[in-house]
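Understanding the architecture of this molecule
Residue strings, one per chain:
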Amino acid sequence: MRFVTKNEAVKRSLLEDLKREGIKFELHERLSYESFVGYLLEGTLEEIGAQIDVMEGADKEALKEGFLSFKESLNHILEHIKVGEKFETLIQEGPWVVEILDQLTRNEAIEYSDGTIKLKEGVDITKLRFEFKFPFNLVHNPESTEKIAKQFAFTDLTMEYEFEILELDIRKINTLGKLAARYFPEDYLLKVYFGLIGRAILAGEILKALGNEKVPEEDLVKGFVRVSPMAIPTEKGTLVINYSPKALEEILRLLKKLGYLEIKAGKVKKLRDLV
């Protein structure tokens with residue numbers, strides 16, 4: 001169960017949150033990428049809008065919606081940098097901020113000083129030249145589209161940060177859910193959250209089943225597989241936890257790693273309870 005981000009600012013902030021709350025985790029860093037394959041239109045905002053109006057061979061309505069979103073994003077950034085804004089603050093808005101700042105930089109429309117970005121005095125946004133990019137799946141007739149738009153492919157080699165959550169304390173998992181809601185979309189957050197809750201409940205049931213006895217690992221796994229899935233009633237409904245033999249073995253490895261049990265000569269012994 002893990003949270004993954006490519007945002008350096010999110011990584012730093014979440015790292016501080018997890019340490020402060022005493023939530024067990026491991027951080028893994030690896031090389032990753034962001035890629036875009038499609039087309040681009042070049043010109044002033046007015047010129048790009050005119051190109052979309054006469055373009056054939058593409059989903060014109062989707063292009064208009066995308067271009068409107070681009071202009072709204074541009075205006076949002078401009079409001080921030082008219083008076084000056086820290087880059088670290090801007091980047092927390094999302095990776096799209098870098099693209100807009102890059103285009104403004106190439107127009108020589110902004111200046112940097114001590115980590116603060118500010119729009120230069122007297123800049124006329126209507127005179128600046130921009131690139132509006134759209135994905136290839138909006139094009140149904142490349143020959144017609146390419147009379148106006150250029151092919152465009154972009155790959156950004158970047159770092160990816162994976163927070164492997166090791167926590168089995170349900171109270172801390174609930175705290176984690178509240179923290180992570182600041183950084184991740186709700187659908188992604190809920191999937192990870194209920195995965196963690198399900199694993200914590202199953203880990204607790206394993207420790208209860210062990211009692212003070214040494215139990216053959218194979219028998220323990222078979223016994224839990226026979227009663228799968230596990231249905232847990234809650235105030236709002238039912239939580240159903242399904243699991244495979246391999247998943248059970250992984251939970252046993254985690255419980256051993258965290259010092260809750262020991263596994264010797266194929267037998268499992270509880271060392272302590274979760275709480």
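This section reports on the structure supplied with the text. (Residues numbered from 1 in each chain as written. Predicted model: local features only at pLDDT ≥ 70, side-chain atom pairs only at ≥ 80, totals over all residues. Heavy atoms only, no water.)

Position of Phe130 relative to the elements: it lies in strand β6 (residues 130-135). Note on Phe130: relative accessible area 1%, which makes it buried. Along the sequence, Phe130 and Thr158 sit 28 residues apart, while their C-alpha atoms lie 24 Å from each other. With residues up to four places along the chain from it excluded, the contact list for Phe130 reads Leu41, Glu42, Gly43, Leu45, Ile48, Phe70, Leu74, Gln103, Leu104 and Ile125. (Helix = DSSP H or I, 4+ residues; strand = E, 2+ residues; numbered from the N terminus. Buried < 20%, exposed > 50% of the residue type's maximum accessible area, 1.4 Å probe, protein only. Contact = heavy atoms within 4.5 Å.)

All right, on to the sheet that holds strand β3 (residues 85-86) then. Reading across the sheet, the 3 strands line up as β3-β5-β4 and stay open at both edges, with antiparallel pairing between neighbours. A strand with exactly one partner marks an edge of an open sheet, and here the two such strands are β3 and β4 (110-113). In terms of strand pairing, β4 meets strand β5 (residues 116-119) through 4 bridges, oriented antiparallel. Counted as the bridge partner of Ser113 is Thr116 from β5. On top of the sheet, helix α3 (residues 60-81) reaches β3, β4 and β5; it is set at about 105° to β5, its chief contact. (Pairing = 2+ DSSP bridges. Axes fitted to C-alpha atoms, helices over the stretch in contact; angles between N-to-C directions.)

Let's shift gears to the pattern of salt bridges. A full pass over the atoms with the stated rule returns 28 salt bridges. The shortest N-O distance in the salt bridge between Glu164 and Arg2 comes to 2.8 Å. Of the two residues, Glu164 sits in strand β7 (residues 150-165) while Arg2 sits in strand β1 (residues 2-5), which places them 162 residues apart along the sequence. On the basis of relative accessibility, which here comes to 14%, the residue Glu164 falls in the buried class. (Salt bridge = Lys/Arg side-chain N within 4 Å of Asp/Glu carboxyl O.)

Fair warning: the whole summary comes from geometry, so function is off the table for now.
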